[in-house]
Amino acid sequence: EPEVTQTPSHQVTQMGQEVILRCVPISNHLYFYWYRQILGQKVEFLVSFYNNEISEKSEIFDDQFSVERPDGSNFTLKIRSTKLEDSAMYFCASSELANEQFFGPGTRLTVL
Amino acid sequence: AQSVTQPDIHITVSEGASLELRCNYSYGATPYLFWYVQSPGQGLQLLLKYFSGDTLVQGIKGFEAEFKRSQSSFNLRKPSVHWSDAAEYFCAVGAQANQAGTALIFGKGTTLSVSS
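## Structural notes on the pattern of salt bridges
Taken as a whole and judged by the stated rule, the model has 6 salt bridges over all chains. Linking Arg 36 of chain A and Glu 44 of chain A is a salt bridge whose minimum nitrogen-to-oxygen distance equals 3.3 Å. Looking at Glu 44 of chain A, the relative accessible area reads 22%, which means it is partly exposed. In this structure, the salt-bridge partner of Glu 66 of chain B is Arg 77 of chain B, at a minimum N-O distance of 3.2 Å. Taken together, the positions of Glu 66 of chain B in strand S8 (residues 64-68) and Arg 77 of chain B in strand S9 (residues 73-78) put the pair 11 residues apart, joining distant regions of the chain.

## Brief notes about the packing of aromatic side chains
Applying the stated criterion to the full structure yields 21 aromatic pairs over all chains. When the centroid spacing of 4.4 Å and the interplanar angle of 10° are considered together, the rings of Tyr 31 of chain A and Tyr 50 of chain A count as stacked. In this pair, Tyr 31 of chain A sits in strand S4 (residues 31-37) while Tyr 50 of chain A sits in strand S5 (residues 43-50), placing the two residues 19 residues apart along the sequence. Accessibility expressed as a relative area gives 14% for Tyr 31 of chain A, which makes it buried. We classify Tyr 50 of chain A as partly exposed; its relative accessible area is 35%. Joined through ring pairs, the aromatic side chains of Tyr 33, Tyr 35, Phe 45, Phe 91 and Phe 103 of chain A together with Tyr 32, Phe 34, Tyr 36, Phe 51, Phe 90 and Phe 106 of chain B make up one cluster.

## A closer look at the interface of chain B and chain A
If you look at the interface, chain B gives 23 residues, while chain A gives 19 residues. Summed over both partners, the interface of chain B with chain A buries about 1800 Å², with 57% contributed by carbon and sulfur atoms. Taken together, chain B and chain A are joined by 1 salt bridge. Glu 100 of chain A is the partner of Lys 49 of chain B in a salt bridge, and the nearest nitrogen-oxygen pair spans 3.2 Å. Applying the counting criterion to the chain B and chain A interface returns 5 residue pairs in polar contact (both at pLDDT 80 or more). Contributing elements (two or more residues each) for the side of chain B that touches chain A: strand S5 (33-38), strand S6 (44-50), strand S10 (87-94) and strand S11 (104-106) of chain B. In terms of residue class, the side of chain B that touches chain A is built from 12 nonpolar, 9 polar and 2 charged.

## Concerning the pairing of strand S3 (residues 19-24) of chain A
All names here are of chain A. With burial as the criterion, only one face of S3 is covered, namely that bearing Val 19, Leu 21 and Cys 23; the residues Ile 20, Arg 22 and Val 24 on the opposite face remain uncovered. Of the strand pairs in this sheet, S3 and strand S8 (residues 75-79) are connected by 5 bridges, and their pairing is antiparallel. Residue pairing in the sheet places Val 19 in a bridge with Ile 79 of S8.

## Re the environment of Asp 71 of chain A
Residues and elements named next belong to chain A. Inspection of the secondary structure assignment puts Asp 71 in the loop between strand S7 (65-68) and S8. Sequence-wise, Asp 71 and Val 111 are 40 residues apart; in three dimensions their C-alpha atoms are separated by 28 Å. At 2.9 Å, the side chain of Asp 71 and the backbone nitrogen of Ser 73 are in polar contact.

## As for the state of the cysteines
A complete count under the given rule lists 2 disulfides over all chains for this structure. Each disulfide pairs two cysteine sulfurs, and for Cys 23 of chain A the partner residue is Cys 92 of chain A, the sulfurs being separated by 1.9 Å. Taking the sign of the S-S torsion, about -65° here, the bridge from Cys 23 of chain A to Cys 92 of chain A comes out left-handed. Here Cys 23 of chain A is found in strand S3, whereas its partner Cys 92 of chain A is found in strand S9 (residues 88-95), with 69 residues between them in sequence. With respect to burial, Cys 23 of chain A and Cys 92 of chain A carry one shared label: buried. For Cys 23 of chain B, the disulfide goes to Cys 91 of chain B, at an S-S distance of 1.9 Å. One disulfide, between Cys 23 of chain B and Cys 91 of chain B, carries an S-S torsion of -65° and so falls in the left-handed class. Residue Cys 23 of chain B is found in the loop between strand S3 (19-21) and strand S4 (24-26), and its partner Cys 91 of chain B is found in strand S10; the two are separated by 68 residues along the sequence. A relative accessible area of 0% means that Cys 91 of chain B is categorised as buried.

Quick notes on the rules
- Residues numbered from 1 in each chain as written.
- Chains lettered and ligands numbered in written order.
- Predicted model: local features only at pLDDT ≥ 70, side-chain atom pairs only at ≥ 80, totals over all residues.
- Heavy atoms only, no water.
- Salt bridge = Lys/Arg side-chain N within 4 Å of Asp/Glu carboxyl O.
- Buried < 20%, exposed > 50% of the residue type's maximum accessible area, 1.4 Å probe, protein only.
- Helix = DSSP H or I, 4+ residues; strand = E, 2+ residues; numbered from the N terminus.
- Phe/Tyr/Trp six-rings, centres within 6.5 Å; stacked < 30°, edge-to-face > 60°.
- Contact = heavy atoms within 4.5 Å.
- Buried area = accessible area lost by both parts, 1.4 Å probe.
- Polar contact = N/O pair within 3.5 Å; in protein donor to acceptor, adjacent residues only side chain to side chain.
- Nonpolar A, V, L, I, M, F, W, Y, C, P; charged D, E, K, R; others polar.
- Pairing = 2+ DSSP bridges.
- Disulfide = S-S within 2.5 Å.

Printed below as a string of structure tokens:
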């Protein structure tokens, strides 16, 4: 069964450093998403991406965040200058059509 | 604004007993509703979804959910819980109906523990 994959599973970084989280969506899906879950809190939407551009973003997704589909299979989330409060589990998701989103296993980001 | 409320933070059920997890949503139109399950260290797995039609929807692993518009609820049920069902369960609503690429709004989740 096709699935969304994410790398790395755990990333530790120093405050102020740039990080890139990687995702491989399901191959025939057209819509890609990033969500985050701060420990003990709800899953929060960050951004959705379609046809090589952002289709929707939340207020959390500020100028320090960016997304890219650098090739035909990967979808990345970049955080330019990490802050302590960026520590969270980051989930990638993809969907073919309306809203049925399939999630990856997540990347746990720890900012020290 | 759309929102999802899961009133129960933690529920403990005996193995073999029935289960109902509550979910209430706030949405102006007919919502797209989902239940996801998250096992420790795992991602979010889709259990079931409601888009339209029959208000009782069947999902994987023996779960079902019933959409009740009058109560703005989408409660998840299972007639007989197995120890492997212990996990965190999230209810979610699509922020905009009938539009792909839109956000899912999640509840805070309910942690299910299963006792033997």
